[in-house]
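Descriptive analysis of the structure
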Amino acid sequence: MADNAGLDPHMIPKVNAFVKKLHRDVYPAVDPRRPDHFQAGKIVVITVICCIFRSGVVRAIAPLDRSANDLAETEELIRKINPVTQACDEIVDRFGVPRVLINNAGALESADTILDSDIESWWETHDVNIKGTLTATQTFLRKVGSTPSRPTTIINLTSDASLGGIPRFSSYSISKMANTKLTPYLQVEHPTITSLCIDPGVVEMSWTDIEALQSPLLLGRDIYELVGAVGIWVASEDKSFLSGRYLSINWDVEELQARRRRFSRRIG
């Protein structure tokens, strides 16, 4: 513990901070209990169950996995186009056309150096993180239409690992970089849909490399509820000024809204 005494536990969110004020827990501006954040009646499609939307907040949470606790089954489903299409057909038949897609499916098949990585395992991460996101997004777009008349949102879960090099995480980082770059294309090709990628911060997942999480750089953690709160904030009211962009859950949303005019420039 003494070795970490001089380290700032908030180092990670500060490195790429776009705003001055940062958060690691839920705060009033993103509180999902706010009346203007209620998602009642919305149909939300989530690839892999996560904490983005709490039960009771939306009309239907429709995960594209068949087992909430079995990531292996989810990955296999994401790799195959037909089951995803069939799942979306079932969602539309049972609940109606969805208004929000959360691409949360993610995998870390290979956590090794480039020299020592197994190529097949390295590429499997891309199958899930890139092909899975593309498959779910394309299927969603075909259901909602190219220019939906009702407010529609696509959220791609990314990572700050996509912004720089982390030893042994080349497969994961590159796949998340691809997802981050996919988002501006969605904004340009479908400008009436609010599409953005969200960095969920430092949260421990069941598949996360434990050794990496024990790094002194990751002393500070973000709570799961903050991921959900920011996700709900994004899907509430008009957030088109953020479309096509990267958003960290740590960034103060009131500061972002105060800078709306700076976001009006076209992404390119």
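Residue positions are given per chain, counted from 1 along the sequence in the order it is written. In keeping with the model being predicted, local features are shown solely for residues with a pLDDT of at least 70 and side-chain atom pairs are shown and tallied solely at 80 or more, while totals for entire chains, interfaces and linings include all residues. As a rule here, side-chain values cover all heavy atoms of the structure and leave hydrogens and water aside.

An unreviewed UniProt entry lists the protein chain under the name NAD(P)-binding protein, from Aspergillus calidoustus. Taken directly from UniProt, the Sequence similarities (unreviewed entry) text for the protein chain runs: "Belongs to the short-chain dehydrogenases/reductases (SDR) family." UniProt positions are given in the numbering used here, feature names are shortened, and annotations may be inferred rather than shown by experiment.

1. Some details on the nonpolar core
We call a set of buried residues a nonpolar core when its members are Ala, Val, Leu, Ile, Met, Phe, Trp, Tyr or Cys and they connect through side-chain atoms within 4.5 Å of each other. The rule is simple: take the accessible area with a 1.4 Å probe, protein chains only, and divide by the maximum for that residue type; under 20% is buried, over 50% is exposed, in between is partly exposed. Core analysis: the biggest nonpolar cluster contains 30 residues, and Val30, Ile198, Val230, Trp233, Val234 and Leu247 have the highest contact counts within it. No other element matches the six residues that helix 7 (residues 224-234) contributes to this core. When near neighbours in sequence (up to four residues on either side) are disregarded, Trp233 contacts Ala29, Val30, His37, Lys239, Phe241, Leu242, Leu247, Val253 and Gln257. Within the second largest apolar cluster, 10 residues are counted, among which are Ile91, Leu101, Val144 and Ile193. Helix and strand definitions here come from DSSP, where helices need a minimum of 4 consecutive H or I residues and strands a minimum of 2 consecutive E residues; each element is numbered from the N-terminal end. Whether two residues are in contact is decided by their heavy atoms: any pair within 4.5 Å suffices.

2. Description of the side chain of Ser173
Among the structural elements, Ser173 can be located in helix 5 (residues 170-189). Note on Ser173: relative accessible area 6%, which makes it buried. Once you skip the residues sitting within four places of it in the chain, Ser173 turns out to touch Ala161, Ser162 and Gly164.

3. Focus on the packing of aromatic side chains
Pairs were defined over the aromatic rings of Phe, Tyr and Trp, the Trp ring being its six-membered one, requiring ring centres within 6.5 Å. Orientation was assigned from the angle between planes: stacked under 30 degrees, edge-to-face over 60, tilted for the rest. Overall, the coordinates contain four aromatic pairs when judged by the stated rule. Ring geometry for Phe169 against Tyr172: centres 6.5 Å apart, planes inclined by 80°, an arrangement best described as edge-to-face. Chaining the aromatic ring pairs together yields one cluster made of Phe18, Tyr246 and Trp251. The criterion for a charge sitting over a ring is simple: Lys NZ or Arg CZ within 6 Å of the ring centre, and within 35 degrees of the ring normal. Above the plane of the ring of Trp233 lies Lys239, whose end atom (NZ or CZ) is 4.6 Å from the centre. Here the guanidinium or amino end of Arg259 rests over the ring plane of Phe18, the centre of that ring lying 5.0 Å away.

4. Some thoughts on the pattern of salt bridges
Salt bridge criterion: a side-chain nitrogen from Lys or Arg within 4 Å of a carboxyl oxygen from Asp or Glu. Under the definition given, this model contains seven salt bridges. In this structure, Asp222 and Arg24 form a salt bridge, with 2.7 Å as the shortest nitrogen-oxygen distance. You can see Asp222 sitting in the loop between helix 6 (210-213) and helix 7 and its partner Arg24 sitting in the loop between helix 1 (11-15) and strand 1 (39-46), a full 198 residues away along the chain. Of the two residues examined, Asp222 and Arg24, each falls in the buried class. Taking the shortest distance from any N to any O, the salt bridge between Arg34 and Asp36 comes out at 3.0 Å.

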